[in-house]
Amino acid sequence: MKLNKKDILKSLESITVPGEGQNMVESGAVTNVMVFGDEVVVDLTIKNPSLQARKKTEVEILKIIHREVYEKAKITVNVKVDAPAAKPKTNEIKGKPIPGIKNIIAVASGKGGVGKSTVTANLAVTLAKMGFKVGLLDADIYGPSMPIMFDVAQERPLSIKVDGKSKMKPIESYGVQLLSIGFFTQPNQAVIWRGPMASKALNQMIFDAHWGELDFMLLDLPPGTGDIHLSIMQAMPITGAVVVSTPQEVALADARKGVAMFQQDSINVPVLGIIENMAYFTPDELPNNKYYIFGKEGAKHLAEDLEVPFLGEIPLVQSIREAGDVGRPAAMQTATPIEAAFEELTKNVVSEVVKRNKDLPPTEAIKITTMAGCSAVKKK
Ligand SMILES: Nc1ncnc2c1ncn2[C@@H]1O[C@H](COP(=O)(O)OP(=O)(O)OP(=O)(O)O)[C@@H](O)[C@H]1O
Ligand SMILES: [Mg+2]
């Protein structure tokens with residue numbers, strides 16, 4: 001068997017490094033391939049510093065070369081980690097809707113309580129761990145949950161001068177820049193905003209804040225498909241939306257509405273995909289058992305039916321809830337199945353964003369002429 005570099009590179013094209021949307025050859029992660037008889041040396045520079053990501057990538061390389069090129073090849077993989085300070089390769093990500101902010105991703109659900117905020121918080125910390133610059137705007141002005149989930153409920157954003165103008169400085173926690181209406185209200189105060197006030201508050205958090213350079217801004221939306229959603233899409237050009245659902249029928253019906261809201265002609269925000277949360281329950285004492293309490297693969301089937309990508313599933317695990325309550329997102333805990341599930345999910349979201357930016361022009365903010373209905377929504 002005569003091994004050659006070309007075949008090896010070709011086989012490596014089917015591997016994507018966590019956190020990088022392109023395959024490892026295109027992304028530049030493979031820096032060199034050398035072949036000596038039946039020995040192969042692959043030099044790799046990856047941006048994800050986690051040991052787990054490194055191991056996983058190494059194993060994938062061995063497997064693919066053995067399977068697709070030569071099963072007896074002796075393979076050495078030299079991994080160099082170029083992180084965390086290094087900026088990930090995001091030059092594929094086009095469109096600068098708000099100066100400095102490359103991608104704005106809205107997280108929506110339709111039904112309340114399905115875990116949008118939990119998923120958003122964990123996506124944000126996972127992106128940050130991968131080396132991306134991440135902002136999170138808690139746009140749930142009726143029930144802000146991010147200050148608690150990030151253990152910063154007592155903090156208040158400072159005002160700083162930027163180019164002579166006063167700007168709010170987001171609070172940083174676990175590498176994520178955070179703003180939430182929760183920072184400006186008393187913890188026990190019910191927030192009863194009328195639509196215009198709510199939009200104003202949101203606008204301030206978007207435009208009167210100093211977010212700096214961000215690869216991703218995540219928006220945690222309130223449940224439903226109402227006025228606030230329209231206000232947000234009016235305020236900012238959203239790169240794409242992800243819709244969270246549990247596998248349960250009632251949640252799926254609302255998720256369908258959520259997808260439809262983004263997809264209607266007048267709004268036209270690309271749906272990056274559907275996330276299945278609380279996909280199954282696994283008790284600590286029976287780690288191999290999966291109980292499909294809310295039904296099995298409902299969100300996955302919905303994604304197939306609507307022909308949108310299925311981004312991944314997150315199990316119902318007590319520690320995810322506990323982590324949210326103590327203010328340290330569960331994905332922060334390294335070398336756990338939860339971290340792995342969120343890494344997988346995040347990787348899929350990033351690749352969908354990269355795909356979307358390759359295929360489609362940037363989303364335009366929309367102009368809403370009346371709040372009466374979506375039919376009155378026009379492109380600016
Ligand atoms: N995968 C999970 N495993 C265990 N608990 C979870 C999981 N996802 C969410 N939860 C818990 O379920 C509850 C609701 O989650 P969360 O607040 O994230 O939902 P939401 O969709 O943002 O709700 P709302 O519609 O009120 O904004 C929280 O107590 C959270 O800790
Ligand atoms: Mg929420």
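Sequence order sets the numbering: in each chain, residues are counted from 1 along the sequence as written. Chain letters and ligand numbers both follow the written order, the letters beginning at A and the numbers at 1. Reporting of local features is limited, given that this is a predicted model, to residues whose pLDDT is at least 70; pairs of side-chain atoms are given and counted only at 80 or more, and all residues count toward the totals for whole chains, interfaces and linings. Values shown for side chains rest on all heavy atoms present in the structure; no hydrogens or waters enter the calculation.

Asks: Give a detailed account of the sheet that holds strand S10 (residues 214–220), specifying residues and quantitative values.
Replies: Across a sheet, paired strands are connected by hydrogen bonds in the backbone, their directions being either parallel or antiparallel. Spatial ordering of the open sheet is given by S8-S9-S5-S10-S4-S11-S12-S13, a layout of eight strands whose pairing is mixed. Edge positions in the open sheet fall to strand S8 (171–173) and strand S13 (310–316), since each of these has one partner strand only. When strand polarity is set aside, the average angle formed by the axes of neighbouring strands in this sheet is 25 degrees. For S8 and strand S9 (residues 176–180), the ladder comprises three bridges, and the chain directions are antiparallel. Bridge assignment links Ser-173 to a residue of S9, and that residue is Val-176. In this analysis, strands are considered paired if DSSP registers two or more bridges between them. Helical segments are the DSSP runs of H or I of at least four residues, strand segments are the runs of E of at least two, and each set is numbered from the N terminus. Between N-to-C directions, angles cover 0 to 180 degrees, with each direction set by a line fitted to C-alpha atoms, over the stretch in contact for helices.

Asks: Summarise the side chain of His-229; cite the residues concerned and give the values.
Replies: Within the secondary structure, His-229 sits in helix H6 (residues 227–235). Residue His-229 is classed as buried on the basis of its relative accessible area of 3%. Polar contact is the term for a pair of N or O atoms within 3.5 Å; when the atoms are in protein, one must be able to donate a hydrogen and the other to accept it, and sequence-neighboring residues count only if both atoms are side-chain atoms. In this structure the side chain of His-229 is engaged in a polar contact, spanning 2.9 Å, whose partner is the backbone oxygen of Gly-224. Discounting residues that sit within four places of it in the chain, His-229 has contacts with Leu-221, Pro-222, Pro-223, Gly-224 and Met-261. Only protein chains enter the accessibility calculation, which uses a 1.4 Å probe; a residue is then buried when its area is under 20% of its type maximum, exposed when over 50%, and partly exposed in between. When checking whether two residues touch, look at their non-hydrogen atoms; a contact exists if any pair is within 4.5 Å.

Asks: Please set out the packing of helix H1 (residues 5–12) against helix H2 (residues 51–68) residue by residue, giving values where relevant.
Replies: Interhelical geometry of H1 versus H2 gives an angle of 125 degrees and a closest axis separation of 9 Å. When the axes of H1 and H2 are compared, the pair comes out oblique. For the pair H1 and H2, the crossing hand works out as right-handed. From H1, Ile-8, Ser-11 and Leu-12 reach across to H2, where they touch Ile-61, Ile-64, Ile-65 and Glu-68. Roughly parallel covers angles under 35 degrees, roughly antiparallel covers those over 145, roughly perpendicular covers 65 to 115, and oblique covers all other angles. Each helix crossing is assigned a hand: it is left-handed if the near helix lies turned anticlockwise from the far helix by less than a right angle, otherwise right-handed if that turn is clockwise.

Asks: Summarise the UniProt feature "binding site: ATP" (unreviewed entry) in the chain; cite the residues concerned and give the values.
Replies: UniProt positions are given in the numbering used here, feature names are shortened, and annotations may be inferred rather than shown by experiment. Sequence positions flagged by UniProt for "binding site: ATP" (unreviewed entry) are, in local numbering, Gly-110, Lys-111, Gly-112, Gly-113, Val-114, Gly-115, Lys-116 and Ser-117. Residue position: Gly-112 is located in the loop between strand S4 (101–108) and helix H3 (116–129). The buried category is assigned to Val-114, whose relative accessible area is 3%. Once residues lying within four places of it in the same chain are set aside, the contact partners of Val-114 are Ser-109, Val-244, Thr-246, Ala-251, Asn-277 and Met-278.

Asks: I'd love a proper account of the pattern of salt bridges, names of residues and values included.
Replies: In the sections that follow, a salt bridge refers to a side-chain nitrogen of Lys or Arg positioned within 4 Å of a carboxyl oxygen of Asp or Glu. Tallied over the entire structure, the rule returns nine salt bridges. Across the pair Lys-74 and Asp-38 runs a salt bridge, and its minimum N-O distance is 3.7 Å. Of this pair, Lys-74 sits in strand S3 (residues 74–81) while Asp-38 sits in the loop between strand S1 (30–36) and strand S2 (39–46); the two residues are 36 residues apart in sequence, bridging distant segments of the chain. The partly exposed category is assigned to Asp-38, whose relative accessible area is 28%. Among the salt bridges present, the one from Asp-215 reaches Lys-102, with a minimum N-O distance of 3.3 Å. Here Asp-215 is found in strand S10, whereas its partner Lys-102 is found in strand S4, with 113 residues between them in sequence. Residue classification places Asp-215 among the buried positions, given a relative accessible area of 1%. Among the residues examined, Lys-102 registers a relative accessible area of 13% and is labelled buried.

Asks: Could you give an account of the sheet that holds S1, naming the residues involved and the relevant values?
Replies: Ordered by their spatial adjacency, three strands build an open sheet running S1-S2-S3, and the pairing between neighbours is mixed. Each edge of the open sheet is held by one strand with a lone partner, namely S1 and S3. Looking at each pair of strands side by side, their axes are set apart by 10 degrees on average, direction ignored. Pairing of S1 with S2 involves six bridges; the strand directions are antiparallel. Following the sheet pairing, Val-30 is matched in S2 by Leu-44. Here H1 sits on the sheet in contact with S1 and S2, set at roughly 140 degrees to S1. Here H2 sits on the sheet and contacts S2 and S3; the angle it forms with S3, its principal contact strand, is near 150 degrees.

Asks: Any details on the nonpolar core? Residues and values, ideally.
Replies: Counting 89 residues, the largest nonpolar core has Phe-150, Leu-219 and Phe-262 as the members making the most contacts within it. Considering each element in turn, this core owes the most residues, eight residues, to helix H10 (residues 337–359). Apart from the residues lying within four places of it in its own chain, the contact partners of Phe-150 are Ala-121, Ala-124, Val-125, Leu-136, Ser-173, Tyr-174, Val-176, Leu-178, Gly-327 and Pro-329. Buried Ala, Val, Leu, Ile, Met, Phe, Trp, Tyr and Cys residues that are joined via side-chain atoms within 4.5 Å together make up what is termed a nonpolar core. Membership of the second largest hydrophobic core comes to 21 residues, among which are Leu-3, Val-17, Ala-29 and Ala-73.

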